[in-house]
Amino acid sequence: MIQAMDSGETRYCRAALEKDDPKRTLGYVQIFNALQKVKEYNHEAFLLSMAKKGLNAGLDVKKTRIRTRLITLLAKLHEERRGVNDPARMLREAQVYLDLGLPKEAIKSALSGLDQATAQEELTLEVQLRELLREAMKGVEVNSAFNQAIPNQYGLDIASKKLSTLIEYELIRDKVLMLIKDKDIDSNAVFKGGMEGLMHTDKMQNVLEADSISAQMAYYTTWCMYHNSLGELNKAIEDQQKIISLWNRNSHKKERYPHYYRRCLANLIGLLCRARRHDEVPFYLNMITEIENEGRRAEIQQFCDVELQHQMFYMNMGQLDNLLDRESTVMEGLGKFGRHLPQDFSITLRLNLGLCHLLMDDYIEAAKHFEYIKQMGSSVLRPDLQAVAVIIR
């Protein structure tokens, strides 16, 4: 958890722990700093290092207390980072007012959050906000201007049904994904029977059953996975393009979840490259590059997606010069984000650069990338790529 924090979260939590233990007698800050520096956690090795500092007594208890405290601190920080009318924030604010016996104030806050929830099609939050409104309106005079009980009940009924439908589509999607993952384990007959049973349900035969944009996304995502599993790439591409169109229909949703939108674009680029429809890729590469980010974590995610998709495209096209032109950008990102990057992305980016230099007969530069991957130590994420790098080295 500590390693997953961005720099702002790290500073915030360290400062709070320093206040909790100003004289550092409990060792919370020392343990926090030590855990932050660990590349790969080994309990016995960490216990030994803490023993040298005299902090091994009750270490497990201290770690549990630190984790509990960090979860509280991160929840508070993330709440502060939310926008003024963020629906989740307004829901909590409205609940506080309602608990204090202030129904009118609760209604005002809930209505503010409801506008955003409906615009972003946050069905779960919309249902929660409308349910709170239903309770709050019981404490308001019948003729009050705040009383919107009947429209709210109607909206609650519609939102609840949409949420129920969305969950049904998401369950089908998850079952299809599980079947695809277990394809090598189960017999072909079991895989085919289970898959066909899911794809021939009424819900998967008629997109009109999906009564929200989110449900339609789940519908087309499921079909995309199904067609992809059968090697029907052009059909999978068509499904993925429909998902992109749905994102573009709801700008509020796209602004709230840019990383999900970017991941959809990355999936489409991957499918186009596999189908050898390379002429269509640059358009989507520009789209994925132009997505705006807020926060370091979003910046890291974009770096990974953008650079990996560029590498894949250039390698498929044999445009090795173009790939190497982006090497300085890749190396700058690897240095800037460091250990905050997912290790599998770091391995993949460096391996691609090493292979490109190798194909260009630049053995010295190629060896540098392969050597670096070797020195990273074993990874549970992509041991196959690490093994390839070591062999080529």
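Everything below is about the structure printed above this text.
These figures come from a predicted structure and were not determined experimentally.

A.B. asks: I would appreciate a short explanation of the overall build of the chain in the present structure.
C.D. replies: Looking only at helices and strands, one finds 21 helices and zero strands in the chain. With the C-alpha coordinates aligned to their principal axes, the bounding extent of the chain is approximately 80 × 65 × 40 Å. Out of the 393 residues belonging to the chain, those deemed buried represent 42%. Look at the contacts in the chain between residues 6 or more apart in sequence, and 59% of them connect residues 24 or more apart. Entry remark: accessible area of the chain is about 21500 Å², with carbon and sulfur atoms responsible for 53%. Across the chain, the mean location of the 53 positive side-chain charges is 6 Å away from that of the 54 negative side-chain charges.

A.B. asks: How do you make sense of the packing of aromatic side chains when you look at a structure like this?
C.D. replies: Here a ring pair, both rings aromatic, is described through the centre-centre distance and the interplanar angle of the planes. Applying the stated criterion to the full structure yields eight aromatic pairs. An aromatic cluster is defined as three or more aromatic residues linked by ring pairs; in this entry it consists of Tyr169, Tyr219 and Tyr220. In this structure, arginine 350 packs its charged tip against the face of tyrosine 372, placed 3.6 Å from the ring centre.

A.B. asks: Just checking my understanding: could you explain the side chain of histidine 278 for this structure?
C.D. replies: Examined against the element boundaries, histidine 278 turns out to sit in the loop between helix 14 (258-274) and helix 15 (281-289). Residue classification places histidine 278 among the buried residues on the basis of a relative accessible area of 11%. When sequence neighbours within four positions are dropped, the list of residues in contact with histidine 278 reads Leu272, Cys273, Phe313, Asn316 and Met317.

A.B. asks: Sorry if this is basic, but what is going on with unusual backbone geometry here?
C.D. replies: In terms of backbone geometry, most residues other than glycine have negative phi values and most peptide bonds are trans. Positive phi values are uncommon outside glycine, yet glutamate 121 reaches one of about 55°. Relative to the helices and strands, glutamate 121 is located in the loop between helix 6 (103-119) and helix 7 (123-136). The class for glutamate 121 is buried, based on a relative accessible area of 14%. Even without a glycine there, the phi angle at arginine 276 is positive, about 60°. Note that arginine 276 resides in the loop between helix 14 and helix 15.

A.B. asks: Got a minute to help me understand the pattern of salt bridges in this structure?
C.D. replies: Working definition: two side chains of opposite charge can pair if their charged atoms are close together. Counted under the stated rule, the structure contains 19 salt bridges. A salt bridge links arginine 134 to glutamate 135; the nearest nitrogen and oxygen atoms lie 3.1 Å apart. Residue arginine 134 is classed as partly exposed on the basis of its relative accessible area, which comes to 27%. By sharing partners, the salt bridges in this structure join Glu131, Arg134, Glu135 and Lys138 into a single network.

Here is what the cut-offs are and how they apply
- Residues numbered from 1 in each chain as written.
- Predicted model: local features only at pLDDT ≥ 70, side-chain atom pairs only at ≥ 80, totals over all residues.
- Heavy atoms only, no water.
- Helix = DSSP H or I, 4+ residues; strand = E, 2+ residues; numbered from the N terminus.
- Buried < 20%, exposed > 50% of the residue type's maximum accessible area, 1.4 Å probe, protein only.
- Contact = heavy atoms within 4.5 Å.
- Areas by Shrake-Rupley, 256 points an atom, 1.4 Å probe, with all protein chains shown as cover.
- Lys, Arg positive; Asp, Glu negative; His and termini not counted.
- Charge placed at Lys NZ, Arg CZ, Asp CG, Glu CD.
- Phe/Tyr/Trp six-rings, centres within 6.5 Å; stacked < 30°, edge-to-face > 60°.
- Lys NZ or Arg CZ within 6 Å of the ring centre and 35° of its normal.
- Salt bridge = Lys/Arg side-chain N within 4 Å of Asp/Glu carboxyl O.

Treat this as a map of the structure, not an account of what it does.
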